Amino acid sequence: MQPQSSTQDVSAILSIKSPTLFYEWQNYRCAYEVYRPTTATEDSIPLLLIHPIGVGLSRVFWHRFCESWNQAGQSNPIYNPDLLGCGECEMPAVACYPDDWAAQLQFFLETVVKKPAIVLVQGALLSVALALAKIEQESSLNLMQGLVLAGPPAWGVMNKHSTAQQQRIVWNLLDSPLGNAFYRYARRAEFLRSFSIKQLFGDAAKVDSEWLDALQAGAANPDSRHAVFSFLAGFWRQDYSSTIQKCDRSTLVIMGEQASSISQAGKEEKPEERLAQYLANFPSAEGLLMPGRNVLPYESTAEFVGAVAKFVKKLNNLG
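Because the structure is a prediction, the values reported are computed rather than measured. (Residues numbered from 1 in each chain as written. Predicted model: local features only at pLDDT ≥ 70, side-chain atom pairs only at ≥ 80, totals over all residues. Heavy atoms only, no water.)

J.: Whenever I open this one, the overall build of the protein confuses me. Can you help?
T.: The secondary structure content of the protein amounts to twelve helices and nine strands. By the compact-globule yardstick of 20 Å for 319 residues, the protein fits well, its C-alpha radius of gyration being 18 Å. Referenced to the eigenvectors of the C-alpha coordinate spread, the extents of the protein come out at roughly 50 × 45 × 45 Å. In the protein, buried positions account for 53% of the 319 residues. Long-range pairs, those at least 24 residues apart, make up 77% of the contacts in the protein with a sequence separation of at least 6. Just so you have it, the protein exposes about 13,900 Å², and 50% of that area is on carbon and sulfur atoms. Distance from the positive charge centre (27 side chains) to the negative charge centre (31 side chains) of the protein: 3 Å. (Helix = DSSP H or I, 4+ residues; strand = E, 2+ residues; numbered from the N terminus. Rg over C-alpha atoms; globule rule 2.2 N^0.38 Å. Buried < 20%, exposed > 50% of the residue type's maximum accessible area, 1.4 Å probe, protein only. Contact = heavy atoms within 4.5 Å. Areas by Shrake-Rupley, 256 points an atom, 1.4 Å probe, with all protein chains shown as cover. Lys, Arg positive; Asp, Glu negative; His and termini not counted. Charge placed at Lys NZ, Arg CZ, Asp CG, Glu CD.)

Next comes the structure, spelled out in structure tokens:
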């Protein structure tokens, strides 16, 4: 499959450039970027980035990481896709489950990347990475070389299943004129700034115009609400304990020193306690705390890149 390219430059903030490329999955046009350092070799393990889901969020979330990775002279190529319903992917009016996005990434790995990757995943989209791991566990496929969790959710959320009825009630409420009005309100700069300060960043000064402008641009198309509503409906809230126990891939858990949780299940959980839970339950995990709150690849980019680089170097050497 030969990827198509777009003349639209969505990488204006980067000193390294990647045109927007496209592939087709289940009759949907899906977008991605790829960064290939000049130092890359055939043995360099690729990185696959999974962006968070939220108002205005897309693969643009990872641009600072891509820039810093390049500036640090790392040799691993980066594949940075948009998930269905986000960014420059098509935005169908459908409910998306972690299994759907995992199937998209499986296809992307098999047809575009064409080799196993180290998967970097932000926040609660760990659910998608685990759905991808489950595909791998239940087949003979080799999709992942390792896993990096950036600010994963409260541990109690990862083994608590909300019922299908609860999920559909919330989805139907959001997929209505009331939900449309909420989305229009939520994409206002004032709301985005307030939410980012209260829930995402440890340092309010880092909620800058670059962050807010990207969110507003990403939410400009009202059809982007369907992916966000899929997330808010809680379709990702499942019991992942069995998949986690079977996950034999080397895993790096990076937690913010000010990590917090929106869910009641994690309100009282301290960052070091959350980290300890992940290290105790993932079979082959290591981890660390670093400055920041819940969006470490953006808020603490240099520190995050440094931690990932050490982990990737170790896997490169093992390979």
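J.: Any chance you could explain the side chain of serine 127 here in plain terms?
T.: Inspection of the secondary structure assignment puts serine 127 in helix H3 (residues 126-137). Sequence-distant contacts of serine 127, that is, excluding residues within four places in its chain, are made with Pro98, Trp236 and Tyr240.

J.: Would you take a moment to explain the packing of aromatic side chains for this structure?
T.: Each aromatic ring pair is characterised by the separation of its centres together with the angle its planes make. A full pass over the atoms with the stated rule returns 22 aromatic pairs. Ring centres of phenylalanine 191 and phenylalanine 195 lie 6.1 Å apart, and the angle between their planes is 15°; this geometry places the pair in the stacked category. Here phenylalanine 191 pairs with phenylalanine 195, and both are found in helix H6 (residues 189-200), just four residues apart, close to one helical turn. Since its relative accessible area comes to 24%, phenylalanine 191 is described here as partly exposed. Summarising the aromatic geometry, the rings of phenylalanine 231 and tryptophan 236 are spaced 5.3 Å apart at their centres and angled 5° between planes, so their arrangement reads as stacked. By the ring-pair criterion, three or more aromatic residues cluster together here, those being Phe61, Trp62, Phe65, Trp69, Phe201, Trp211, Tyr298 and Phe304. The ring of phenylalanine 22 carries the charged tip of arginine 29 above its face, separated from the ring centre by 3.6 Å. (Phe/Tyr/Trp six-rings, centres within 6.5 Å; stacked < 30°, edge-to-face > 60°. Lys NZ or Arg CZ within 6 Å of the ring centre and 35° of its normal.)

J.: How should the packing of helix H5 (residues 177-186) against helix H8 (residues 225-232) be read in this particular structure?
T.: The relative placement of two packed helices comes down to the angle between their axes together with the axis-to-axis distance. Two elements in contact, H5 and H8, have axes separated by 11 Å at closest approach and are oriented at 105°. Taken together, the axis directions place H5 and H8 in an arrangement best described as roughly perpendicular. Contacts between H5 and H8 pair Gly179, Asn180, Phe182 and Tyr183 from the former with Arg225, Val228, Phe229 and Leu232 from the latter. (Axes fitted to C-alpha atoms, helices over the stretch in contact; angles between N-to-C directions. Parallel < 35°, antiparallel > 145°, perpendicular 65-115°, else oblique.)

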